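As a plain string of letters, each chain reads:
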Amino acid sequence: MNISYNFDEVARLPLPGDNVAVATRQLEVGTIINYQGKALTLDFTVMEGHRFAVKAISPGEALLSWELPFGLALQEIQPGNYVINKGALDALSVRSLDFSLPAAPNFEDYSQPIVLDEKNFQPAPALPAYSETRTFMGYRRSQARGVGTRNNIVLLGTTSLTGSYVTQLAANLQSELTNYPQIDGIVPVAHTEGGIKQPNNLELLLRTLAGFVVHPNVGAVLVVDYGNETVTNKMLEAYLREHNYPLDDVTYQFLSIKGSFKNNLSMGESIVRNWLPMVNAMERTPESISNIKLALQCGGSDAFSGISANPLLGWISRELVRYGAAANLAETDELIGAESYVLQKVRNLETAHKFVNLVNEFKERAAWHGASAEGNPSGGNKYRGLYNIYLKSIGAARKKDPSCRLDYAINYAELMKDPGYYFMDSPGNDLEGIAGQVAAGCNMIIFTTGNGSVTNFPFVPTLKVVTTTQRYQLLAHDMDINAGQYQEGMSMDELGNQSLQLLLQTASGQLSIGEKAGHSQVQIWRNWPQTDASQLDALLHAPLPKGEPIAIQTDAEAYPINFTRLNEGISLILPTSLCSAQVAKKMEKRFNQLKLDQPDKLSRFIALAHTEGCGNNAGPSEQMFARTMVSYITHPLVKHCLLLEHGCEKTHNDFMRHQMEEMGVDPGRYGYASIQLDGGIEKATEKAESWFTEQVLQSEPVAKKTVGLESLRIGILSDGSVTEEAGNQLAILTKMIVGAGGTVVVPGNNGLLLKPSYRDHLGADSNIQPSLAFGEQALNNGFHIMETPTEHWVETITGLAATGVELIIALLNRQPMQAHPFVPMLQVSTEENIQQTYESDLDLCLSGVPAAWVEQILERCKQVIEHNYIPRQLEQGNVDFQITRGLLGVTL
């Protein structure tokens, strides 16, 4: 017998003119729905958040939600028919579902083209302003800087090269905060940018860093560089002054790292400790609500985001604008398909033009990389009913209330100097968008989520708004506001007033749920490698290496050495996307403190936090990501591996299982946890802890084994030019290991391969080609070159470690570099000035007779393998991890 429901019990129609409805719960095939006096029978199971027709739709006719088109019917669609497109079917095909899906889509994606009618354009009037004001307790800075909602000391790396330094410095200083209650945090701002010589996002990067420096939530800021990067302290200071940022109104210091990492940490600690009494003396004062600059964001959206949570943000931002404050709507590609709605009310024609131009420029940039900005929706979006970017955008645009006009359209991280409602150009990647909004001056963030996004920014509080009561109950410890109450009968005015009051309380110092959880992260809009489409065809059709070792001469006499290996390994927590990265790091800290792996004695927990897996394009970039991830899952040094998904990303756990199967790896050997599906951070942590505990108890006891050079899997690279003597000796080392049956991998972008003393000594051709793709595990012993698309140091060592090498030798010519989190990296130098400056940071100073260098390197390798020596940068915490996007990766 088929179950029957009244429409309002199981569905929502966003606006009366829509011809498809949203299911508010999963409805089984054959379910009867009573709608406007008619009985609709569902032809397929309709998942929660997915849509079914309520009117007959003819072939070629538009499917409407919020009375805007998101698709065209491919066939006759009858009332009660489940509507679905190819993108959603593909996304669901890798999920574990217990019901049947349609064999083919019944609509194709479509949106109205942007039309700006200049001839009939009418400037929209401003909303009537409130005569009275409201207040919050804030930190009054200078007039140019505004009012802060927090009082933080910020440690800012100018590029990715100093990210590890500011992260370790912040960790060293956390205990100081107990004595200074008026300081909200000592927070690192580490990011991935500026690590290549000529980034295309240089102007954007400088503008973002400048905005961070003068932000009103910053009580003091330490800016750190090495002095030889793409972005230096001098460049940033010049940019700040040239563009009239109020730098002199900020307590700041620029620090250039010279000498040992440890000594520079001590220097940084001394600077910050001297600031502590002064920053702690800053007090909150009553401030007008007009000083609020609110970032409007969404992530992990679902079909209900546009029904409850986003309209709530529209209500709040409308009220703030009426009080003389400012609101900032971002995520350019998440307005594609909703342009007509945004353009209904605009302050002037100039703003309308700027908005349209920014959208078109975004589309063009994506096209240079073989991507479409319409490719934005994640697997989690589609799973929860957002079939395409048009449907996602129509709901996302509701963060602008229909009565509110668009006052300004600005570039990414451009300062918001006046009150009003802003659109800021940015990608749909949540973290990259938020960084731009903060740099623009936003001192509060309000973030809607359907699936349950848990990300936070380090020095600006974030309020999380979840779309449904069911999700709120599942994730109550991670969410601030339940917008699902609106769907259950609470008026938007009541919900809006409650939420605005919470926003003012949070601005006044009350901790958000995210702040209590204690995790946050920063990601600036990542560099896009292409500036036109001239290289697109060649890059799209570039063949992958075949994985076979490269033939070299192996005539070097073997050095007599043996190694005592232990069958121990690390316990790896691998976040499937950037959104679960910081939760994985918290798990790492907790599990290491609990010593869950104690029976293994020497193993430890490692989380590989990264910025990929969501908000970037598919194609070669995504394939590279998947390949690298699977290589880490199966890495020889990894004993146990658990994958941690956020739950709504493109590369969720089911996606990774599918990728493992495609690559011949048994996914059943590994653990899985989900922040969203398991019920929040704490429950996901408990699940991971339980899995690891079980694995450790089942592990074989640690055993010793004596091996020779044939067991070595070594990566070799340099950070610049290579001397003749160094090239010769590293070639001898390579031939010695490969000749014994071991493996040596060299990155394809490395100066080592350009040196005839290395290449010719191996007997290799000058046009030698890579044998491994980036991040591909070397399954066959021998000599390999790994394809390396960028010169970014951390991306290079991340790919090199993924090949399965168990130790890396880095020849230095500039300064000690960031090491890998778990593959030991020996940093050696033959340069006298480097040895003198960084002696305490180097693992080997090679001098004297070059013929003795190979022996010295191998003896140091033996100490590392036998756990008698820890490489110095690893020991000091100067480590980092970042998966490349290659030459076609672009943020969406």
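Predicted model, so just to flag it, every value in this text is computed and none were measured.

Some details on helix α5 (residues 233–242)
The set of residues buried in α5 consists of Asn233, Leu236, Tyr239 and Leu240. Along the long axis of α5, the arc covered by the buried residues comes to 130°, so they all point the same way. Across α5 from its buried face, at more than 90 degrees, point the exposed residues Lys234 and Glu242. In the core, the buried residues of α5 are packed alongside α4 (202–213), β15 (218–225) and β16 (252–256). Once α5 ends, the next one or two residues include Asn244, with phi positive near 60°.

Describing unusual backbone geometry
In this model, Glu67 sits at a positive phi of 60°, which is unusual for a non-glycine residue. At Ala413, a residue that is not glycine, the phi angle is positive and equals roughly 70°. Along the chain, the position of Ala413 falls in the loop between β20 (408–410) and β21 (420–424).

Topic: the packing of aromatic side chains
The description of an aromatic ring pair rests on the distance of the ring centres and on the angle between the ring planes. Scanning the entire structure with this criterion turns up 21 aromatic pairs. Among the aromatic side chains, those forming a connected cluster through ring pairs are Phe362, Tyr412, Trp525 and Trp528.

Regarding the packing of helix α19 (residues 620–633) against helix α20 (residues 653–662)
Angle between the axes and distance between the axes are the two parameters that describe a pair of packed helices. The contact between α19 and α20 brings their axes to 10 Å, and the two run at 80°. When the interaxial angle is binned, α19 and α20 end up roughly perpendicular. Contact residues: α19 offers Glu622, Ala626, Met629, Val630 and Ile633, while α20 offers Phe655, Met656, Gln659 and Met660. Residues of the contact of α19 with α20, tallied by class, amount to seven nonpolar, one polar and one charged.

Quick word on the nonpolar core
By size, the foremost hydrophobic cluster in this structure holds 144 residues, and its most contacted members are Phe52, Phe212, Ile292, Phe355 and Phe459. Those residues in contact with Phe459, other than ones at most four positions away along the chain, are Arg150, Asn152, Val154, Val187, Val189, Phe212, His215, Asn217, Val218 and Val438. Ranked by size, the runner-up nonpolar core spans 73 residues in total, among them Val166, Ala220, Ala801 and Leu812.

Focus: the sheet that holds strand β12 (residues 147–148)
In a beta sheet, neighbouring strands are held together by backbone hydrogen bonds and run either parallel or antiparallel to one another. Spatial ordering of the open sheet is given by β12-β11-β17, a layout of three strands whose pairing is antiparallel. A strand with exactly one partner marks an edge of an open sheet, and here the two such strands are β12 and β17 (285–288).

A look at the pairing of strand β13 (residues 152–157)
Burial runs high along β13: six of the six residues are buried. Residues Asn152, Val154 and Leu156 point to one face of β13 and Ile153, Leu155 and Gly157 to the other, with burial holding for every one of them. The pairing of β13 with strand β14 (residues 185–189) spans five bridges and is classified as parallel. For Asn152, the partnering residue across the bridge sits in β14 and is Gly185. Taken together, the six bridges between β13 and β15 define a ladder with parallel strand orientation. Among the inter-strand pairings, Ile153 is bridged to a residue of β15, identified as Ala220.

Side note on the pattern of salt bridges
All chains considered together, the criterion is met by 28 salt bridges. Linking Glu319 and Arg318 is a salt bridge whose minimum nitrogen-to-oxygen distance equals 3.0 Å. Classification of Arg318 by relative accessible area gives buried; the value is 17%. Between Lys735 and Asp555 there is a salt bridge; the shortest N-O distance is 2.6 Å. Of this pair, Lys735 sits in helix α22 (residues 724–740) while Asp555 is found in the loop between α17 (536–540) and β25 (563–566), placing the two residues 180 residues apart along the sequence. A residue is classified by how much of its surface remains accessible, and Lys735, at 4% relative accessible area, is buried. Among the charged side chains, a network of salt bridges with common partners joins Glu193, Glu432, Arg526, Glu612, Glu795 and Arg885.

What counts as what
Residues numbered from 1 in each chain as written. Predicted model: local features only at pLDDT ≥ 70, side-chain atom pairs only at ≥ 80, totals over all residues. Heavy atoms only, no water. Buried < 20%, exposed > 50% of the residue type's maximum accessible area, 1.4 Å probe, protein only. Helix = DSSP H or I, 4+ residues; strand = E, 2+ residues; numbered from the N terminus. Arc of directions from axis to C-beta. Contact = heavy atoms within 4.5 Å. Phe/Tyr/Trp six-rings, centres within 6.5 Å; stacked < 30°, edge-to-face > 60°. Axes fitted to C-alpha atoms, helices over the stretch in contact; angles between N-to-C directions. Parallel < 35°, antiparallel > 145°, perpendicular 65-115°, else oblique. Nonpolar A, V, L, I, M, F, W, Y, C, P; charged D, E, K, R; others polar. Core = buried A, V, L, I, M, F, W, Y, C linked by side-chain atoms within 4.5 Å. Pairing = 2+ DSSP bridges. Salt bridge = Lys/Arg side-chain N within 4 Å of Asp/Glu carboxyl O.

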